[in-house]
Amino acid sequence: MKIDLDARMKYLLRRARRFTPSRVTTFARQIAKEQGKWMPAVAVDMLWSAAFHDTAFIDYYEADFAALSRAERKTFMTSLVQHHIAVKLNDQEAAQTFNDKRLFHRRFGEFTGREWLDLGESGPEALEEFAQRHPVLIAKEPISREGHGVFRYDAADVTDWPAFHAELVAKGQVLVEEAIVQHPYLAGYCAGTVNTTRLVSYFDGTKVHIVSRVQKFGRGAVSDQFTWGGFFTMLDRDGKAVGRGHSGKNDTFYSVHPDSGLSIVDFQVPMWDEVVALIDRAARVVPEVPYVGWDVAVTENGPVLIEGNWIPGLYETRVTATGIRTGSRPEHEAVMTW
């Protein structure tokens, strides 16, 4: 299946406006070095893929397209294809529930499993009372993506609650959450970060299909996203790692976690059946938004939702990390049309 002509033309116009030759040569040199290819040939192939195969330069690099055949490349999702699917299938008004984390908490409260506070509605006294119950505070900008706008505070460090409240509001960090205590197995990998599982689902009106599965790992920061130094590995249908971890944006791969030394290739999501069951339930709550990327944290008492992303976020295998030469597009095409 292909995206329609209008979407492709809009994409090409955006790419043309942002095109810089230095970006192409930078990527091409890095790819040529990693793959043992001739740089000019890589550059031409990147340009051809961007123009005629809906593949942004970063997608070409992150999915190791230079090492794949034409047929193998067609099995991979790209940012443009995924964005097109999300815009076409998801109702934009209903998607606001996923854009604002406060709205998400209100709609999906039975699945989030943690207390939260909206500082737009609650004053310093309520914040101090909240902190007495939850001495580690996770403060967030309600509308943010990719781990941006997420911060961690210790209540013990706060001496002036009105001033702290005003500081958070001024920074836009008006959503305050109870810190999640993750499953001991996950904490063994990195105790300082909640290591989350990303599942991408499609609800066809009757059945919920999981079309992509990823495990993310942190390095001790407040988030396990790339912006905080995190990395990921793809998962099979049973929640088992399919190969080494990688960040997608460099040639560093992880057979073991670089801090704890625990095996990434042997990783298994704990309570996997419960994780899948949680997504099956959550994906039916807003049927107007059938295509969602969910972030799940597994606690000792079961999985909870962190958030949902109506543009799911692109995660694909890298052949240089895993040896797997097939992407997730066939799983998408088996259950949906766009």
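The rules we used
Residues numbered from 1 in each chain as written. Predicted model: local features only at pLDDT ≥ 70, side-chain atom pairs only at ≥ 80, totals over all residues. Heavy atoms only, no water. Helix = DSSP H or I, 4+ residues; strand = E, 2+ residues; numbered from the N terminus. Rg over C-alpha atoms; globule rule 2.2 N^0.38 Å. Buried < 20%, exposed > 50% of the residue type's maximum accessible area, 1.4 Å probe, protein only. Contact = heavy atoms within 4.5 Å. Core = buried A, V, L, I, M, F, W, Y, C linked by side-chain atoms within 4.5 Å. Polar contact = N/O pair within 3.5 Å; in protein donor to acceptor, adjacent residues only side chain to side chain. 1 Å grid on protein atoms, 1.4 Å probe; cavity = no way out; pocket = protein on both sides within 12 Å on 5 of 7 lines; lining within 4 Å. Points joined across faces, edges and corners; volume = space filled by probe spheres on them. Nonpolar A, V, L, I, M, F, W, Y, C, P; charged D, E, K, R; others polar. Pairing = 2+ DSSP bridges. Axes fitted to C-alpha atoms, helices over the stretch in contact; angles between N-to-C directions. Salt bridge = Lys/Arg side-chain N within 4 Å of Asp/Glu carboxyl O. Arc of directions from axis to C-beta. Phe/Tyr/Trp six-rings, centres within 6.5 Å; stacked < 30°, edge-to-face > 60°.

Draft legend 1. Focus on the overall build of the protein. The helix and strand inventory of the protein stands at 15 helices and 11 strands. Relative to its length of 338 residues, the protein is compact, with a C-alpha radius of gyration of 21 Å against a globular reference of 20 Å. Structurally, the protein occupies a C-alpha span of about 65 × 45 × 40 Å along its principal axes. Looking at the 338 residues of the protein, the share that counts as buried comes to 52%. Residue pairs in contact within the protein that sit at least 24 positions apart in sequence constitute 64% of those at least 6 positions apart.

Draft legend 2. Structural context of the nonpolar core. Phe-98, Phe-108, Phe-267, Val-289, Tyr-291, Trp-294 and Leu-305 are the most contacted members of the largest nonpolar core, which totals 45 residues. Counting residues per element, the ones that place at least two in this core are helix H6 (79–89), helix H12 (184–189), strand E5 (197–203), strand E6 (208–217), helix H13 (272–282) and strand E10 (291–299). Once residues lying within four places of it in the same chain are set aside, the contact partners of Leu-305 are Phe-104, Phe-108, Phe-111, Thr-112, Arg-114, Leu-278, Ile-279, Ala-282, Trp-294, Asp-295 and Val-296. In this structure, Met-46, Tyr-61, Ala-63 and Ala-66 belong to the second largest nonpolar core, which totals 18 residues.

Draft legend 3. Molecular detail of the side chain of Gln-215. Relative to the elements of secondary structure, Gln-215 occurs in strand E6. Here the side chain of Gln-215 touches Thr-197 through a polar contact of 2.6 Å, side chain to side chain. Not counting residues within four places of it along the chain, the set of residues in contact with Gln-215 comprises Leu-186, Asn-195, Thr-196, Thr-197, Phe-231, Phe-232, Thr-233, Leu-235, Phe-267 and Val-269.

Draft legend 4. Quick peek at empty space enclosed by the protein. Within this structure, the stated rule accounts for 4 cavities of 30 Å³ or more. There is about 110 Å³ of room inside the largest cavity. Forming the boundary of the largest cavity are Asp-59, Glu-62, Ala-63, Met-77, Phe-232, His-246, Gly-248, Leu-314, Tyr-315 and Glu-316. Its residues assigned to classes, the lining of the largest cavity shows 5 nonpolar, 2 polar and 3 charged. Within this model, the second largest cavity holds a volume of roughly 40 Å³. As for the second largest cavity, its lining consists of Ile-31, Glu-34, Gln-35, Tyr-60, Tyr-61, Asp-64, Phe-65 and Ala-66. At the level of elements, helix H2 (21–35) and helix H4 (57–62) are the ones that each hand at least two residues to the lining of the second largest cavity. For the lining of the second largest cavity, the leading source of residues is H2, giving 3 residues. For the lining of the second largest cavity, the residue count by class is 5 nonpolar, 1 polar and 2 charged.

Draft legend 5. Highlighting the sheet that holds strand E1 (residues 116–118). The strand order E1-E4-E2-E3 describes an open sheet built from 4 strands, whose pairing is antiparallel. The open sheet has two edge strands, E1 and strand E3 (150–154), and neither has a second partner. Averaged over all adjacent pairs, the angle separating strand axes in this sheet is 25 degrees, with direction ignored. Taken together, the 4 bridges between strand E2 (residues 136–140) and strand E4 (residues 175–178) define a ladder with antiparallel strand orientation. Bridging from a neighbouring strand, Ala-139 pairs with Val-176 of E4.

Draft legend 6. View of the layout of surface pockets. When its volume is computed, the second largest pocket comes out at roughly 520 Å³. Around the second largest pocket, the lining comprises 32 residues; the ones closest to its centre are Val-150, Val-194, Val-222, Ser-223 and Ile-306. If you list the elements that add at least two residues to the lining of the second largest pocket, you get E2, E3, E4 and strand E11 (302–309). Per element, the largest residue contribution to the lining of the second largest pocket is 3 residues, and it comes from E2.

Draft legend 7. Highlighting the side chain of Asp-64. Positionally, Asp-64 belongs in the loop between H4 and helix H5 (70–73). A distance of 2.5 Å separates the side chain of Asp-64 from the side chain of Thr-320, its partner in a polar contact. Apart from the residues lying within four places of it in its own chain, the contact partners of Asp-64 are Gln-35, Arg-318, Val-319 and Thr-320.

Draft legend 8. Quick peek at the pattern of salt bridges. Considering all chains together, one arrives at 22 salt bridges under this definition. Between Glu-121 and Arg-106 there is a salt bridge, with its nearest N and O atoms 3.2 Å apart. Here Glu-121 is found in the loop between E1 and helix H10 (124–133), whereas its partner Arg-106 is found in helix H8 (residues 101–107), with 15 residues between them in sequence. By relative accessible area, which is 62% here, Glu-121 ends up exposed.

Draft legend 9. Molecular detail of H10. Within H10 the residues assigned to the buried category are Leu-127, Phe-130 and Ala-131. Looking down the long axis of H10, one finds its buried residues gathered within 100 degrees of arc, a one-sided arrangement. The exposed residues of H10 that point more than 90 degrees off its buried face are Glu-125 and Gln-132. Residues of H10 that are buried sit in contact with E1, E2, helix H11 (161–171) and E4.

Draft legend 10. Examining the packing of aromatic side chains more closely. Under the definition given, this model contains 23 aromatic pairs. When the ring of Tyr-189 is compared with that of Phe-267, the centres are 5.3 Å apart and the planes differ by 80 degrees; the resulting orientation is edge-to-face. Placement of Tyr-189 in helix H12 and of Phe-267 in the loop between strand E9 (253–254) and H13 is noted, with a sequence separation of 78 residues between them. On the basis of relative accessible area, Phe-267 is assigned to the buried category, the value being 0%. The rings of Tyr-185, Tyr-189, Phe-217, Phe-231, Tyr-254 and Phe-267 are connected pair by pair, giving a single aromatic cluster.

That is the geometry; function is a separate question.
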